[in-house]
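Chain by chain, the residues run as shown.
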Amino acid sequence: DFDGHSVPFCVLGTFFLWFGWYGFNPGSTGSRHDVATANTAGLVAVNTTLAPCVAGLLVFSLRALVFQPRLMDVGAFCNGILAGLVSITTGC
């Protein structure tokens, strides 16, 4: 069994990656030289926000309510956020 060494650093690293994803996903839509491409980049940014939120909350609630041992696990919440970010990248 491998335990994390620092939960605050795990959370900090997760939010650093999440912040960097905003440069990657909306930036990969191309240039924002007109209204249509700017709206596309905005939609991608919204999707980049919603997917990790839902995935993180889903993993957190499943870990706390369904799977044994029932724990409120911050590490699992961070893993869910990263899974949501990875899953939304192909759609953008």
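Treat the numbers as computed from the prediction; the structure is a model and nothing was measured.

## A word on the overall build of the chain
Counting its regular elements, the chain contains three helices and zero strands. Reading the chain from its N terminus to its C terminus gives the helix and strand order α-α-α. A globule of 92 residues ought to have a C-alpha radius of gyration of about 12 Å, yet the chain, at 16 Å, is considerably larger. When the 92 residues of the chain are sorted by exposure, 22% land in the buried category. Long-range contacts, defined as pairs at least 24 residues apart, comprise 58% of the intrachain contacts of the chain with a sequence gap of at least 6.

## Remarks on the side chain of Asn 25
Within the secondary structure layout, Asn 25 lies in the loop between helix H1 (7-24) and helix H2 (35-65). Polar side-chain contacts of Asn 25 include one of 3.2 Å to the side chain of Thr 48.

## Side note on the state of the cysteines
Each disulfide is one covalent bond, formed between the sulfur atoms of two cysteines. Scanning the model with the defined rule gives zero disulfides in all. Residue Cys 10 stays outside any disulfide, its sulfur separated by 4.0 Å from that of Cys 78, the closest cysteine.

## Side note on the packing of aromatic side chains
Following the criterion strictly, the structure yields two aromatic pairs and no others. Relative to Phe 77, the ring of Phe 60 lies with its centre 5.8 Å away and its plane at 75 degrees, an arrangement referred to as edge-to-face. Of this pair, Phe 60 sits in helix H2 while Phe 77 sits in helix H3 (residues 74-89), and the two are 17 residues apart along the sequence.

Basis of the calculations
- Residues numbered from 1 in each chain as written.
- Predicted model: local features only at pLDDT ≥ 70, side-chain atom pairs only at ≥ 80, totals over all residues.
- Heavy atoms only, no water.
- Helix = DSSP H or I, 4+ residues; strand = E, 2+ residues; numbered from the N terminus.
- Rg over C-alpha atoms; globule rule 2.2 N^0.38 Å.
- Buried < 20%, exposed > 50% of the residue type's maximum accessible area, 1.4 Å probe, protein only.
- Contact = heavy atoms within 4.5 Å.
- Polar contact = N/O pair within 3.5 Å; in protein donor to acceptor, adjacent residues only side chain to side chain.
- Disulfide = S-S within 2.5 Å.
- Phe/Tyr/Trp six-rings, centres within 6.5 Å; stacked < 30°, edge-to-face > 60°.

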